[in-house]
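# A closer look at the structure
Spelled out from the first residue to the last, the chains are:
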Amino acid sequence: MNPVAVSKFGGTSLADAAQFRKVRDILLVDAARRVVVPSAPGRRSPDDEKVTDLLYRCHALAAAGEDFAGVFAEVGERFRAIAGELGLSLDLKPVLAEAEHQIGLVAIDGGSAEYAASRGEAINGRLLAELLGAEYVDAVDVIRFDNEGRFDAAATYALVAERLDVTDAGKRYVVPGFYGADSEGGVRTFSRGGSDVTGAVVARGVSASVYENWTDVPGLLITDPRVVPGAFAIEVMTYRELRELSYSGATVLHEDAVFPVREAGIPVVIKSTNEPAEPGTRIVAGHDPDAAASYEITGIAGRKDFTVITLEKAMMNSEVGFGARVLRVLAEVGISFEHMPSGIDTLSVVVADEALADGRLEAVEARLREELGLSADEVSHDSDLALIATVGRGMSRRPGMAAKLFGALAAADGGRGVNIRVIDQGSSELNIIVGVATADYEKAVRAIYDTFVTQAS
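Residues numbered from 1 in each chain as written. Predicted model: local features only at pLDDT ≥ 70, side-chain atom pairs only at ≥ 80, totals over all residues. Heavy atoms only, no water.

## Quick look at the overall build of the protein chain
Looking only at helices and strands, one finds 13 helices and 15 strands in the protein chain. Since a compact globule built from 457 residues should have a radius of gyration of about 23 Å, the 25 Å found for the protein chain is in line with a globular shape. Taken over the C-alpha atoms alone, the protein chain extends approximately 75 × 55 × 40 Å along its principal axes. The buried share among the 457 residues of the protein chain stands at 51%. Taking the contacts inside the protein chain whose residues are at least 6 apart along the sequence as the reference set, 75% of them involve residues at least 24 apart. Split by element, the accessible area of the protein chain, about 19900 Å² in all, is 49% carbon and sulfur. Side chains of the protein chain give 45 positive and 68 negative charges; the mean places of these two sets differ by 4 Å. (Helix = DSSP H or I, 4+ residues; strand = E, 2+ residues; numbered from the N terminus. Rg over C-alpha atoms; globule rule 2.2 N^0.38 Å. Buried < 20%, exposed > 50% of the residue type's maximum accessible area, 1.4 Å probe, protein only. Contact = heavy atoms within 4.5 Å. Areas by Shrake-Rupley, 256 points an atom, 1.4 Å probe, with all protein chains shown as cover. Lys, Arg positive; Asp, Glu negative; His and termini not counted. Charge placed at Lys NZ, Arg CZ, Asp CG, Glu CD.)

## Some details on the nonpolar core
One finds Val6, Leu164 and Ile388 to be the most contacted residues of the largest nonpolar core, which totals 117 residues. For this core, the element with the most residues is helix 5 (residues 114–132), which contributes nine residues. Listed in part, the 20 residues of the second largest apolar core include Leu311, Phe322, Val351 and Ala355. (Core = buried A, V, L, I, M, F, W, Y, C linked by side-chain atoms within 4.5 Å.)

## Observations concerning the pairing of strand 12 (residues 346–352)
Put simply, side chains in a regular strand alternate between the two faces of the sheet. Burial of strand 12 is extensive: six of the seven residues sit out of reach of the surface. Bridge count for strand 11 (residues 299–312) against strand 12 is seven bridges, and the pairing is antiparallel. Residue Val308 lies in a different strand from strand 12, and its bridge partner there is Val350. (Pairing = 2+ DSSP bridges.)

## Remarks on the packing of aromatic side chains
With the rule as written, the count across this model stands at four aromatic pairs. Ring plane angle 15° and centroid distance 5.7 Å describe the contact between Phe9 and Trp214, whose orientation is recorded as stacked. One end of the pair, Phe9, is in strand 1 (residues 5–9); the other, Trp214, is in strand 7 (residues 210–215), with 205 residues separating them in the sequence. Here Phe9 matches Trp214 in class, with each residue buried. Seen in terms of ring centroids, Phe145 and Phe151 are 6.1 Å apart; in terms of plane orientation they differ by 70°. Their pairing is edge-to-face. You can call Phe145 buried: its relative accessible area is 2%. Over the ring of Tyr179 we find Arg119; its NZ or CZ atom is 5.3 Å from the centre of that ring. (Phe/Tyr/Trp six-rings, centres within 6.5 Å; stacked < 30°, edge-to-face > 60°. Lys NZ or Arg CZ within 6 Å of the ring centre and 35° of its normal.)

## Details of unusual backbone geometry
One non-glycine residue, Asp358, lies in positive phi territory at about 60°. Its place among the elements puts Asp358 in the loop between strand 12 and helix 11 (360–372). Taking the relative accessible area as the measure of exposure, Asp358 reaches 80% and is therefore exposed. Positive phi, normally seen in glycine, also occurs at Asp384, with a value near 60°. Assignment of secondary structure puts Asp384 in strand 13 (residues 379–391).

## Focus on the sheet that holds strand 14 (residues 422–425)
Strand pairs in the sheet, formed through backbone hydrogen bonds, run parallel or antiparallel to each other. The strand order across the open sheet built from five strands is 12-11-13-15-14, with neighbouring strands paired in antiparallel fashion. Edge strands, defined here as strands with exactly one partner in the open sheet, are strand 12 and strand 14. Each neighbouring strand pair of the sheet contributes to a mean axis angle of 35°, computed without reference to strand direction. Bridge analysis of strand 13 against strand 15 (residues 431–437) gives seven bridges, and the strand direction is antiparallel. Considered in strand 15, the bridge of Ala386 is made with Val436. (Axes fitted to C-alpha atoms, helices over the stretch in contact; angles between N-to-C directions.)

Laid out in C-alpha cells, this is it:
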C-alpha cells in the first residue's frame, strides 16, 4: 500500500480564507496526505474570539433561557466569510440553521454543551472538503464513545478502517476533529484541544505511515517562547520525552494524542502551516543510542501554583506502612499528588493548588495529623511553588547533569541565584524536576536554557 499521512490542522491554521489556501497548498504538494483532520477556526488576531468559544457562549445563553441569536450570527458570519472568499459553492444556510436549532433544543432539554462545541469542527470540515474536492466523513460515523462519555478505542479503530478506504490512492477524506458519538448517536467530545486526539486515533485506524500535526509554531520548542523569546525547535524526540514535557506544561500537542500512535509505532511530525518548509519536530519510538544529539537536554517545561505539604517524624524511615498511610489519607480526601520526595525523617507531598481549594488543604492536614499521630508542628505546608522539568533521553548517561543544572540555577539572575525548594528525579531518569518560588520561575527557566542550549550553540 502507498504511504498514507494523516494531517491535522489546528484552529490558527484554518482561521480564515488565507489560511485555508495555505492548507490546500500543503496538502496538494504531497500525494500521501490523504486524510485530513481540521479544527474549528481559531483567532485571526490577538483580540479575536475562537469559534468554539462563541459556540460555548451560545449554549450557555440558551441554557439560561436567553437569546443567543446574536452570538450565533457571529459564528455564521465567520464561516460565510471563509466560503465567500474561497468561492465555494457549499450552501451553508441549511447547515447553520440546523446547528442553531439543535443548540437551542439541547440547551432547553438540559443537555451538555458538547453538541454546540462540536459544530465549529463539523462545519469547518465541510468547507475544507469542498475546497479540496475531498469526501467529508462526519466524525459521528467513525469516532465512538460509550454512553458515559469514555472514548471507545477498539470500536473507533474498526470503524475508521472500514470507512476510510486508503488503498485507493485517488481518494482524500476530511474527518472533523474533537468529537464523535456514543452508541445512541449523541455527540460527545474530547477535552479542549481534542482534535489532536482525533488525528492520532484516525492515524492508528488507517495504519498511517506518519501523523502530521500542523500548528502555528515550527515544531515543539525547547521551552516556552514567552519566557525565552526565540527558543529553538526540537528536531527529534521520543514519545516518552513528549509525555514528560506535556505533563510538565508543554502544550503544543494534546497529551492524550500520544498513546494511539505510540502503541502502533507511528511517527508524529509537528510542523508550522505558516512555515511549511521548516523541518519541524519529529517524534519517534526510540533513538539510536549512538546518534549525536544537538543538545544535552531535549526540553524544559514547567507549571506554577503548587503547594508542598511536609511531614516530619523521627525514625520515619523505619516505620513500616508510613507512606501507604499518607497515600490513603490523600485518597480519602480525593486529592492526587504530583511528586513525593522524601528523606530519613521527612516526607513531602507536592499537590496542585487547585486540588487544595475550598478548605481541602486544612482538611488533609488535619487527617494526616490524626492518621499518623503527628503534632501541629510536624505537619506544615509551603505554597507559591513552581515546578520545572528538564527533560532529556541522555541525562542518565551523562555524568554531572544534575550538578550542571543546579549550577545554572545558582548562577542565575546575575549571580544572585535561584533557591531550589524541591528536587525530584523520576525513576525513568528522563528528567530532573526542581521546585522554585513562583516569582523565580521565569529566571530559572532562562538560566537552564542559557546553560544547556545557548552556551552549547
